[in-house]
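Descriptive analysis of the structure
The residues making up each chain are set out below.
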Protein chains: 2
Amino acid sequence: MTKTQQVRLARRPSGLPDADTWDLTTEELPELAAGEILVKVDFISLDPAMRGWLNDVRSYVPPVGVGEVMRSLDIATVVESRHSDFAVGDIVSGTFGVTEFAISDGKNVGKVDPSVASGPTWLGALGMPGMTAYFGLLEVGKLRAGETVVVSAAAGAVGSVAGQIAKAHGATVIGIAGGAEKCRWLTEEFGFDAAVDYRNEDVLRRLRELAPQGIDIYFDNVGGDILDAALANLRFGARVVLCGAISAYNDDKLPPGPSRYMSLLVFRASMTGFVVMDYADRYGEAVAHISRLLADGTLKGREHVVEGGVGQFGETLNMLFTGANIGKLVLAL
Amino acid sequence: MTKTQQVRLARRPSGLPDADTWDLTTEELPELAAGEILVKVDFISLDPAMRGWLNDVRSYVPPVGVGEVMRSLDIATVVESRHSDFAVGDIVSGTFGVTEFAISDGKNVGKVDPSVASGPTWLGALGMPGMTAYFGLLEVGKLRAGETVVVSAAAGAVGSVAGQIAKAHGATVIGIAGGAEKCRWLTEEFGFDAAVDYRNEDVLRRLRELAPQGIDIYFDNVGGDILDAALANLRFGARVVLCGAISAYNDDKLPPGPSRYMSLLVFRASMTGFVVMDYADRYGEAVAHISRLLADGTLKGREHVVEGGVGQFGETLNMLFTGANIGKLVLAL
């Protein structure tokens, strides 16, 4: 019998999740049935989208139920197998949740190659954030060489990869992030052409200075005023790619929408939302592409790894909303 | 020498234009030079876009200058010609402005065939509103048979044609308009499948009832709460076509944007703005198409013709913003 600690949703939060949101529970897992594997979770992915899963609303995935183990994507090691596709010692990725151990029937579980990249990188540049950056820019945004791309939350998991992929495709890339340290990372470590510090600069004005011809692609991870600042600076035929709106994730009611949305008409521009899971059958193509960029040093994976137990999940998650992380935020058990 | 009365912009309005906005002036036109025509204006088009032209802001056309003759699209008769392409008696359309007579060099002046349709219809279903409906639905919206289309300001010049074109292409069409009389027009005269009276009904809830599978194309002429109501009821892959935002045209500052814009992400939908002039080289295709629908009775042109002098321009224009018109609003001199 395997004992596992798990984090469950205790009650739906209003605003920022806090200690009352989570329950730390212990459970004994049953014996494996035929066709099942037992995995030991090594790395838990912390994602802004998790905040949305806590609300009881219709969205692109069902909400996490009260009393359920919190949903998360993990990198794990197979420690017992009664499944012909998996052997003990395999490194896998799957939605095992915020738990130390989990039993799975292997559906939607993928093997990852530890020789290509570390577990955290498989949750970052080679995981959902990398997939989101790749398909958002190239498929939804239809990036062409020579274009000007602006990325918000640019020091985050998705933004840092999106900006680097855009650079690799010949774009001029401007990143928006909060604080001087993140901005320094953007230009010095990730190779962005310029950075705007939204905490200390007038974003609308700075974008006008940095992109006097206008923005071809705005890759939006934040919504709010920064989305408006980008809308005011579009170029004809621009594409706004909606990837998320972290600025509003903890709001109880809908914040005002982008008041400058009629720029879409003036600039004959489009704003398109997407959900990366729609591209699941093409993840292999993106993984191959990003692996090459990682291997030749064109793209730097960057993870912010917090070491601890599953009990640290709640406070680690909130780092996303206070902007404490640079790169992909991961909890290493 | 020809004397002409004209309406000029006296001062830029704040909010709804009023008597102080306009000057009625009289001018003597010079003799025609070689290559020029003199036209007598018969019908003046009243358009919501005119409100935007009064603001001193960067937009898709330059603003009308203070002291200048108000810009308008007209149907006129050639009364004198020193231009080889035009003969006396030709009926033409052009941006002659709010004036009784005008001199033109013939650039951007098109001959219209009075045997195909009347002057007002050449400003409506066969004019800019018809072009806007046609390219907005078919090119920007990429309408396919069997889809559900929602049109706002549906009893207006663009909306009434858009809904009828959508019906002709095999769509289910729901119109949104203000008041029972307009809604009756939509279903009984224009053949819409259903109508929602935004003055007396909860639009969000009614759209959910009328389109339980969601909206494929939302053709937006109004912005504001109605845009939000549509965003809340999209179907996967929906296209929101931004044609205008009459609800905000008289606002001094930007109203809140669509707070439900993140529905674009949930529904993998897009919102795209367009300006019909971009399709100018294809107007012939749209005129041919709409002429056939008019000829076989599939599409009913509907104009709201006010008879009077150019001095009535100001009060006639404001009918657009109080919603007093059904169909294309035209001032007949």
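Please read all numbers here as calculations on a predicted model, not as lab measurements. (Residues numbered from 1 in each chain as written. Chains lettered and ligands numbered in written order. Predicted model: local features only at pLDDT ≥ 70, side-chain atom pairs only at ≥ 80, totals over all residues. Heavy atoms only, no water.)

**Some words on the overall build of chain A**
Helices and strands together make up the secondary structure of chain A, namely ten helices and 15 strands. Expressed as lengths along the three principal axes of its C-alpha atoms, the size of chain A is roughly 65 × 45 × 35 Å. Every one of the 333 residues in chain A was classed for burial, and the buried ones make up 56%. Summing over all exposed atoms, chain A offers an accessible surface of approximately 13,400 Å²; the carbon and sulfur share of this is 50%. (Helix = DSSP H or I, 4+ residues; strand = E, 2+ residues; numbered from the N terminus. Buried < 20%, exposed > 50% of the residue type's maximum accessible area, 1.4 Å probe, protein only. Areas by Shrake-Rupley, 256 points an atom, 1.4 Å probe, with all protein chains shown as cover.)

**So, the pattern of salt bridges**
Residues and elements named next belong to chain A. Under the counting rule described, the total for this entry stands at 34 salt bridges over all chains. Notably, a salt bridge pairs Asp42 with Lys40, separated by 3.3 Å at the nearest N-O pair. Look at the salt bridges and you will find they share partners, linking Glu139, Arg282 and Glu285 into a network. (Salt bridge = Lys/Arg side-chain N within 4 Å of Asp/Glu carboxyl O.)

**A few points about the nonpolar core**
A general feature of soluble globular proteins is that nonpolar side chains tend to end up buried together. Formed by 52 residues in total, the largest nonpolar core has its most connected members in Leu207 of chain A together with Leu207 of chain B. Residues contacting Leu207 of chain B, with those up to four places away along its chain left out, are Val150, Ile174, Ile176, Val196, Ile215, Ala229, Ala230 and Asn233 of chain B. (Core = buried A, V, L, I, M, F, W, Y, C linked by side-chain atoms within 4.5 Å. Contact = heavy atoms within 4.5 Å.)

**Concerning helix 10 (residues 313-322) of chain A**
Residues and elements named next belong to chain A. Within helix 10, eight of the ten residues are buried, which leaves it mostly tucked inside the rest of the structure. If you check which residues of helix 10 are buried, you get Phe313, Gly314, Thr316, Leu317, Asn318, Met319, Leu320 and Phe321. Buried residues along helix 10 sit in contact with strand 1 (2-9), strand 2 (22-29), helix 1 (49-53), strand 14 (303-307) and strand 15 (328-332). Where helix 10 terminates, the next one or two residues include Gly323, which has phi positive at roughly 75 degrees.

**A closer look at the packing of aromatic side chains**
For the structure on display, the rule yields 14 aromatic pairs over all chains. Relative to Tyr279 of chain B, the ring of Phe135 of chain B lies with its centre 4.8 Å away and its plane at 10 degrees, an arrangement referred to as stacked. One end of the pair, Phe135 of chain B, is in helix 3 (residues 128-140); the other, Tyr279 of chain B, is in the loop between strand 13 (270-273) and helix 9 (283-295), with 144 residues separating them in the sequence. Each member of the pair, Phe135 of chain B together with Tyr279 of chain B, is buried. Aromatic rings pair up to connect Tyr134, Phe135, Phe274, Tyr279 and Tyr283 of chain A into one cluster. Sitting above the plane of the Phe86 of chain B ring, Lys111 of chain B keeps its charged end 5.7 Å from the centroid. (Phe/Tyr/Trp six-rings, centres within 6.5 Å; stacked < 30°, edge-to-face > 60°. Lys NZ or Arg CZ within 6 Å of the ring centre and 35° of its normal.)

**Section: the interface of chain B and chain A**
Often, the extent of an interface is quoted as the loss of accessible area on bringing the components together. Tallying the contact residues gives 35 residues for chain B and 35 residues for chain A. Summing both partners gives a buried area of about 2,600 Å² for chain B against chain A, and 64% of it is carried by carbon and sulfur. Counting across the interface, chain B meets chain A through two salt bridges. Here Arg268 of chain B ties to Asp278 of chain A by a salt bridge, and the two come within 2.5 Å at their closest N and O atoms. Remark: the boundary between chain B and chain A carries six residue pairs in polar contact (both at pLDDT 80 or more). Broken down by secondary-structure element, the contributors of at least two residues to the side of chain B that touches chain A are helix 7 (224-231), helix 8 (263-266) and strand 13 of chain B. Ranked by the residues each element gives to the side of chain B that touches chain A, the list is headed by strand 13 of chain B, at four residues. Residue classes in the side of chain B that touches chain A are distributed as 20 nonpolar, nine polar and six charged. (Buried area = accessible area lost by both parts, 1.4 Å probe. Polar contact = N/O pair within 3.5 Å; in protein donor to acceptor, adjacent residues only side chain to side chain. Nonpolar A, V, L, I, M, F, W, Y, C, P; charged D, E, K, R; others polar.)

**Describing the relation of the copies chain B and chain A**
Of the transformation superimposing chain B on chain A, the axial component is 0.0 Å and the angular component is 180 degrees, with the fit at an RMSD of 0.0 Å. Between the two chains, the operation in question is that of a two-fold axis. Of every C-alpha in chain B, the one belonging to Gly257 of chain B sits nearest the axis of rotation, 2.1 Å from it. Comparing interface residues between copies, 100% of those in chain B also sit at the interface in chain A, which points to an isologous, same-surface contact. (Least-squares fit on C-alpha atoms with pLDDT ≥ 70 in both.)

**Things to note about the confidence of the model for chain A**
If pLDDT is low for a region, its predicted coordinates should not be looked at in detail. When pLDDT is averaged along chain A, the result is 94; 98% of the residues meet or exceed 70. Confidence estimates for the predicted assembly give a pTM of 0.89 and an ipTM of 0.86. (pLDDT = per-residue confidence, 0-100.)

**So, the pairing of strand 15 (residues 328-332) of chain B**
On any regular strand, side chains alternate: one points to one face of the sheet, the next to the other face. Residue and element names in this part refer to chain B. In terms of burial, strand 15 is a largely internal element, five of the five residues being buried. Burial of strand 15 is two-sided: the residues Lys328, Val330 and Ala332 facing one way and the residues Leu329 and Leu331 facing the other way are all buried. In this structure, strand 3 (residues 37-45) lies alongside strand 15, joined through three bridges in antiparallel fashion. Residue pairing for strand 15: Ile44 is matched across the bridge by Leu331. In the sheet, strand 14 (residues 303-307) pairs with strand 15 via five bridges, with the strands oriented parallel. Counted as the bridge partner of Val305 is Val330 from strand 15. Assessed by its sense of winding, the connection that carries the chain from strand 14 through helix 10 (residues 313-322) to strand 15 is right-handed. (Pairing = 2+ DSSP bridges. Right-handed = clockwise from strand over helix to strand, strands pointing away.)

**Quick look at the environment of Leu242 of chain A**
Mapped onto the fold, Leu242 of chain A is located in strand 12 (residues 234-242). Spatially, the C-alpha atoms of Leu242 of chain A and Ala286 of chain A are 19 Å apart, while their sequence positions differ by 44 residues. Beyond its immediate chain neighbours, meaning those up to four positions away, Leu242 of chain A contacts Asp220, Met271, Thr272, Gly273 and Phe274 of chain A together with Tyr261, Leu264 and Leu265 of chain B.

**Looking at the pairing of strand 9 (residues 172-177) of chain B**
All names here are of chain B. Taken across its six residues, strand 9 has five buried, putting it largely inside the fold. The pairing of strand 8 (residues 148-151) with strand 9 spans four bridges and is parallel. Within strand 9, the residue paired with Val151 across the bridge is Gly175. With respect to chirality, the unit in which strand 8 leads through helix 4 (residues 157-168) into the neighbouring parallel strand 9 is right-handed. Note that strand 9 and strand 10 (residues 194-197) share four bridges and pair parallel. In the sheet register, Gly175 faces strand 10, and the bridge partner there is Ala195. On the question of chirality, the crossover connecting strand 9 to the parallel strand 10 by way of helix 5 (residues 180-189) is right-handed.

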